[in-house]
Amino acid sequence: MNSSNTERRRSAAYKLTFTAPAAEWNEALPIGNGRLGAMIYGGTAEEKLALNEDSLWYGGPRDRNNPDALAHLETIRRLLLEGDAEEAQRLSLLALSGVPETQRHYVPLGDLSLTFLHSRETSDYERELDIMTGIAAVRYRADGILFKRELFASFPDEAIVIRLTADRPGAISFLTRLTRGPGNRYYDEIVKADAGTIVMRGNGGGAGGVDFRTVLRATAVGGSSSIIGEHLLIDRADSVTLVLTAATSFRFADPEAQALSAADQVSQTAYDTLRERHADDVRSLMGRVSIRLGSADENADTLPTNERLARVSEGAEDTGLTALYYQFGRYLLVASSRPGSLPANLQGIWNDRILPPWDSKYTININTQMNYWASENGNLAECHEPLFDLLERMREPGRCTARTMYGIEEGFVAHHNTDLWADTAPQDLYMPATYWPMGAAWLSLHLWEHYAYGLDRAFLERAYPTLREAAVFFEHFLTDLPDGRVVTVPSVSPENTYLLPDGRPGILCAGPAMDSQILRELFTACIKAADILGVDDDFAMRLKTLRARLPQPEIGKHGQLMEWLEDYEEAEPGHRHISHLFALHPGTGWSPEATPVWTQAARVTLERRLANGGGHTGWSRAWIINLWARLEDGEKAHDNVQALLAHSTLPNLLDNHPPFQIDGNFGGAAGISEMLLQSHTGELSLLPALPIAWSEGDVEGLRARGGWTVGITWSGGALREARIRALRDGACVVRMRGDAFVEVVAEDGSAVEASSDGAGRIWWQTCAGTTYALRRSERSQQA
Ligand code: FUC
């Protein structure tokens with residue numbers, strides 16, 4: 001790290017750097033392998049790692065479906081359709097709420113602390129996280145000795161590994177221990193497994209809570225190690241490797257045997273091998289995408305990350321930091337969602353509270369979905385898989401909820417939250433969120449997105465039954481209106497409140513715009529999937545009929561999109577949720593070219609939200625970036641990228657709801673890529689929302705629906721070259737703003753015959769596996 005400025009600048013693109021230990025959690029650095037996670041504080045007198053294991057939650061599975069729901073459902077529907085929201089709400093609170101009212105919550109694995117015995121006087125402190133390799137490092141001098149620490153969470157070796165070294169033999173002495181929960185009260189015992197290994201044993205708590213085991217093993221070179229009581233001691237070692245493994249009974253019948261055998265395997269492997277295996281694994285994912293936005297700001301690149309962020313908060317532009325923020329979003333997904341792990345929850349995997357905000361679980365009326373917005377276009381498709389596994393586990397509980405609450409024998413349903421156990425019954429007694437039956441429908445669209453990007457037929461075969469089952473539920477749930485339309489009822493527009501003409505507030509409703517938009521996309525996905533797989537003609541026909549009866553978007557008195565069936569005023573016009581713009585993003589239904597009337601109304605809607613204080617939570621701001629990108633307004637999108645960094649980002653670059661909630665990181669990253677490349681309309685749109693501040697740049701490795709991988713180079717705000725790799729034979733349609741004159745060249749240098757509409761849109765036939773370069777022709781270069 002004592003490298004020259006140039007080297008620093010080169011590596012700064014992928015590093016978070018600090019010149020002091022983390023004083024609090026919001027400054028600590030996250031590592032993770034999808035299943036095991038840690039926040040690293042990097043202290044000198046004491047190092048602390050706040051630990052998590054993704055399946056360690058409080059309590060076991062339960063059937064929380066309210067047995068009295070069905071008896072009152074028709075009354076609630078009738079009251080809502082007659083306009084008596086107040087009475088419908090009073091009854092829903094009693095009859096539809098889960099029993100008990102809340103699902104299970106995520107809990108910490110504990111803390112690992114290292115207390116060093118060197119002098120407290122230190123100098124030359126540096127701390128960093130390299131997101132290309134997923135290796136964190138701490139370095140400082142004490143007693144004239146240079147101490148170094150490297151820390152990572154390895155996916156291939158299923159362990160957290162810490163390596164301590166010093167530039168003088170025999171210099172490393174410390175005590176280390178595991179603790180858990182406030183007052184260290186939340187475990188059962190710590191036992192010695194062997195001379196260098198301790199095991200913490202405990203249980204998540206609550207009926208059916210999972211058992212957990214955490215194993216800590218120290219291997220010292222030189223000096224000695226011993227265990228006294230609960231402490232592991234290292235005395236005058238040259239170097240030390242600490243290995244931490246953990247397992248719960250959620251996955252393993254014998255979590256202790258599992259955690260110990262994982263530790264055994266890791267301890268038998270040389271540190272350099274572990275390190276390389278881990279770095280190669282992370283690099284293989286992170287290295288798929290590179291990004292540069294704007295010309296390098298040399299001063300900013302060499303500053304510590306927290307100082308760069310502080311400058312942006314004061315109004316500076318730091319395009320290097322924006323690019324780092326984008327890659328950090330990808331890094332967080334790599335660290336918190338890997339094949340076989342649980343999906344990233346509200347805090348990814350990093351939670352240090354025994355009762356975390358919103359339970360640190362899965363809020364599926366925006367937040368969990370947003371966690372995966374950057375997965376496909378960010379070339380991390382396999383990191384999307386844990387979400388599919390959870391959704392598939394939700395089918396069985398969701399059938400039970402459909403039957404018990406709604407008397408529906410076919411299909412599955414989920415409300416606005418789910419948990420470790422894939423619980424689908426309503427969560428909380430919170431009128432604006434609880435009684436919303438669209439959770440499974442929205443999540444199912446992620447299956448379709450995964451297919452749309454990767455075109456993997458085998459995956460579609462696996463996914464289709466889930467998609468179908470999510471849609472079937474609504475064949476029965478949708479209620480006829482007298483005018484022939486079909487609507488969801490009861491439901492809510494998450495999590496907003498309307499005002500009746502007499503000023504009284506209402507929340508529960510029939511046919512909120514979001515529900516119809518989600519269902520339009522879900523039915524369309526099912527119809528297309530059935531067609532591709534050559535199955536289910538009758539079902540597809542029925543869905544087409546039903547789709548035609550869903551309410552169309554309507555424009556209200558302010559020129560805004562109507563959020564409800566009636567043109568109500570809103571109790572909070574700057575509300576953080578923007579549910580009725582679902583069709584614009586993450587939906588795929590609208591674009592300024594194809595649906596100009598609705599996108600104009602979407603613009604008015606967004607402007608009204610922002611004029612009234614909207615975007616005040618991190619995830620809301622991130623959604624707004626994506627929405628402006630889809631409206632192809634680069635300046636507005638950029639303003640909101642700046643606002644996300646300035647107002648909703650913690651010193652460690654994690655998103656600040658407040659408090660920390662990870663969705664804004666993922667939504668922000670997705671928004672940045674959505675500004676550079678879009679593919680929701682069936683064509684590739686290059687640089688659809690490029691702001692002036694990013695007028696120079698390049699990006700490589702973004703993915704687009706239809707099986708494309710895309711690189712783009714631009715300067716002076718104009719496209720210079722695009723590189724498009726085709727996954728299949730077919731036709732590629734590309735749109736670019738104001739750049740009609742281009743030539744298409746295949747990778748063997750041959751010119752490809754392309755057609756153009758003369759207005760920036762060209763198309764040509766592609767061969768699978770070929771990369772095509774689109775260049776501005778000489779004619780346009782001269783222009
Ligand atoms: C929804 C949001 C909140 C928060 C919570 C986890 O309820 O409205 O802002 O993000 O989820």
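Residues numbered from 1 in each chain as written. Predicted model: local features only at pLDDT ≥ 70, side-chain atom pairs only at ≥ 80, totals over all residues. Heavy atoms only, no water.

Under an unreviewed UniProt entry, the protein chain has the name Glycoside hydrolase family 95 protein and belongs to Cohnella terricola.

Enquirer: Can you walk me through the pattern of salt bridges in this structure?
Expert: Any two side chains of opposite charge can pair if their charged atoms end up close together. Counted according to the given criterion, the structure contains 57 salt bridges. Between Arg-141 and Asp-124 there is a salt bridge whose closest N-O contact spans 3.2 Å. One end of the pair, Arg-141, is in strand 7 (residues 135-142); the other, Asp-124, is in strand 6 (residues 122-130), with 17 residues separating them in the sequence. Given the relative accessible area of 30%, Arg-141 is considered partly exposed. Take Asp-124: its relative accessible area is 52%, and that puts it in the exposed class. For Asp-567, the salt bridge identified is with Lys-557, shortest N-O distance 3.8 Å. With Asp-567 in the loop between helix 16 (537-548) and strand 24 (569-570) and Lys-557 in the loop between helix 16 and strand 24, the pair connects residues that are 10 residues apart, well separated along the chain. A residue is classified by how much of its surface remains accessible, and Asp-567, at 25% relative accessible area, is partly exposed. You can call Lys-557 exposed: its relative accessible area is 52%. Connected via shared salt-bridge partners are Arg-35, Glu-53, Asp-54, Glu-158 and Arg-251. (Salt bridge = Lys/Arg side-chain N within 4 Å of Asp/Glu carboxyl O. Helix = DSSP H or I, 4+ residues; strand = E, 2+ residues; numbered from the N terminus. Buried < 20%, exposed > 50% of the residue type's maximum accessible area, 1.4 Å probe, protein only.)

Enquirer: What's the story with the sheet that holds strand 3 (residues 36-40) in this structure? I'm lost.
Expert: Backbone hydrogen bonds are what pair the strands of a sheet, in a parallel or an antiparallel way. Taken in spatial order, the 7 strands make up an open sheet running 2-3-4-5-10-15-14, and their pairing is antiparallel. Across the chains shown, the open sheet's two edge strands, defined by having one partner strand only, are strand 2 (29-32) and strand 14 (224-228). On average, each strand axis in the sheet is inclined to that of its neighbour by 20°, with strand direction left out of account. As judged from the 5 bridges shared by strand 3 and strand 4 (residues 46-53), these two strands associate in the antiparallel manner. (Pairing = 2+ DSSP bridges. Axes fitted to C-alpha atoms, helices over the stretch in contact; angles between N-to-C directions.)

Enquirer: Help me understand the sheet that holds strand 28 (residues 708-715) in this model?
Expert: As summarised here, the arrangement of the 7 strands in space is 17-27-28-29-35-31-32, forming an open sheet in which the pairing is antiparallel. Across the chains shown, the open sheet's two edge strands, defined by having one partner strand only, are strand 17 (290-293) and strand 32 (751-752). Looking at chain direction, strand 27 (residues 697-704) and strand 28 are connected through 6 bridges and run antiparallel. Each bridged residue has a counterpart across the sheet, and for Gly-697 the counterpart in strand 28 is Trp-714. Lying over the sheet, helix 8 (residues 319-336) contacts strand 17 and strand 27, oriented at roughly 155° with respect to strand 17. (Contact = heavy atoms within 4.5 Å.)

Enquirer: Sorry if this is basic, but what is going on with the site of the ligand here?
Expert: Every residue near the ligand is listed here: Leu-346, Trp-358, Thr-363, Asn-367, Glu-495, Arg-576, His-577, Trp-619, His-657 and Gln-661. Between an oxygen atom of the ligand and a side-chain N or O atom of His-657, the distance comes to 2.7 Å. Residue Gln-661 places a side-chain N or O atom 2.9 Å away from an oxygen atom belonging to the ligand. For the ligand, the protein covers 97% of the area, taking 290 Å² as the surface of the free molecule. Here the residues of the shell around the ligand are counted per class, giving 3 nonpolar, 5 polar and 2 charged. (Near = heavy atom within 4 Å. Polar contact = N/O pair within 3.5 Å; in protein donor to acceptor, adjacent residues only side chain to side chain. Areas by Shrake-Rupley, 256 points an atom, 1.4 Å probe, with all protein chains shown as cover. Nonpolar A, V, L, I, M, F, W, Y, C, P; charged D, E, K, R; others polar.)

Enquirer: Sorry, what's going on with the pairing of strand 3 here?
Expert: Each regular strand displays side chains that alternate between the two surfaces of the sheet. Burial runs high along strand 3: 5 of the 5 residues are buried. Burial along strand 3 is two-sided: the residues Leu-36, Ala-38 and Ile-40 and Gly-37 and Met-39 are all buried. Pairing between strand 2 and strand 3: 4 bridges, direction antiparallel. Bridge pairing in strand 3 places Leu-29 opposite Ile-40. Between the end of strand 2 and the start of strand 3, which pair antiparallel, lie 3 residues, with Gly-34 showing a positive phi angle near 95°.

Enquirer: Would you mind showing me how to read the environment of Arg-395 here?
Expert: In this structure, Arg-395 sits in helix 11 (residues 395-406). The spacing of Arg-395 and His-105 is 290 residues in sequence and 20 Å in space, taken between C-alpha atoms.

Enquirer: So what exactly am I meant to see when it comes to the side chain of His-585 here?
Expert: Inspection of the secondary structure puts His-585 in the loop between strand 24 and helix 17 (596-611). On the basis of relative accessible area, His-585 is assigned to the buried category, the value being 4%.

Enquirer: Sorry if this is basic, but what is going on with helix 3 (residues 85-95) here?
Expert: Since one α-helical turn is 3.6 residues long, residues separated by three or four positions face the same way. Of the residues making up helix 3, those classed as buried are Ala-85, Ala-88, Gln-89, Leu-91, Ser-92 and Ala-95. Residues of helix 3 that are buried make contact with helix 2 (69-82), helix 12 (431-434), strand 22 (498-499) and strand 23 (505-506).

Enquirer: What's the story with the side chain of Ser-516 in this structure? I'm lost.
Expert: Mapped onto the elements of the fold, Ser-516 is located in helix 15 (residues 513-533). Residues contacting Ser-516, with those up to four places away along its chain left out, are Leu-550 and Pro-551.

Enquirer: Sorry if this is basic, but what is going on with the domain arrangement of the protein chain here?
Expert: Put simply, an interface is often sized by how much accessible area is lost when its parts join up. What the domain assignment lists for the protein chain is domain 1 (17-57 + 107-290), domain 2 (65-99 + 381-552) and domain 3 (692-782). With centres defined by C-alpha atoms, the gap from domain 1 to domain 2 works out at 43 Å. Counting residues at the interface gives 7 residues for domain 1, matched by 5 residues for domain 2. In total, domain 1 and domain 2 occlude about 530 Å² of area from one another, counting both sides; carbon and sulfur atoms represent 75% of this. Counting across the interface, domain 1 meets domain 2 through 1 salt bridge. For Arg-288, the salt bridge identified is with Glu-382, shortest N-O distance 2.8 Å. Of the residues in the side of domain 1 that touches domain 2, the class split is 4 nonpolar, 2 polar and 1 charged. (Domains from an automatic or database assignment. Buried area = accessible area lost by both parts, 1.4 Å probe.)

Enquirer: Sorry, what's going on with the packing of helix 14 (residues 457-477) against helix 16 here?
Expert: Packed helix pairs are characterised by how far apart their axes lie and by the angle those axes make with each other. In the contact formed by helix 14 and helix 16, the axes pass within 11 Å of each other and the chain directions differ by 45°. In terms of orientation, helix 14 and helix 16 fall into the oblique class. Pair helix 14 / helix 16 crosses with left-handed handedness. Between helix 14 and helix 16, the residues in contact are Tyr-464, Arg-468, Ala-471, Val-472, Phe-474 and Glu-475 and Phe-539, Arg-542, Leu-543 and Leu-546, respectively. The residue makeup of the contact of helix 14 with helix 16, split by class, is 7 nonpolar, no polar and 3 charged. (Parallel < 35°, antiparallel > 145°, perpendicular 65-115°, else oblique. Left-handed = near helix turned anticlockwise from the far one by under 90°.)

Enquirer: Where do I start with the environment of Pro-156 in this structure?
Expert: Tracing the chain through its elements places Pro-156 in the loop between strand 8 (145-154) and strand 9 (159-166). With 274 residues separating them in the primary sequence, Pro-156 and Tyr-430 have C-alpha atoms 42 Å apart. The residues contacting Pro-156, other than those within four sequence positions of it, are Arg-277, His-278 and Asp-281.

Enquirer: Any chance you could explain the pairing of strand 14 here in plain terms?
Expert: As judged from the 5 bridges shared by strand 14 and strand 15 (residues 231-237), these two strands associate in the antiparallel manner. The residue bridging Ser-225 from the neighbouring strand is Ile-234, located in strand 15. Here strand 14 hands over to strand 15 after 2 residues, with Gly-229 in that stretch at a positive phi of 60°.

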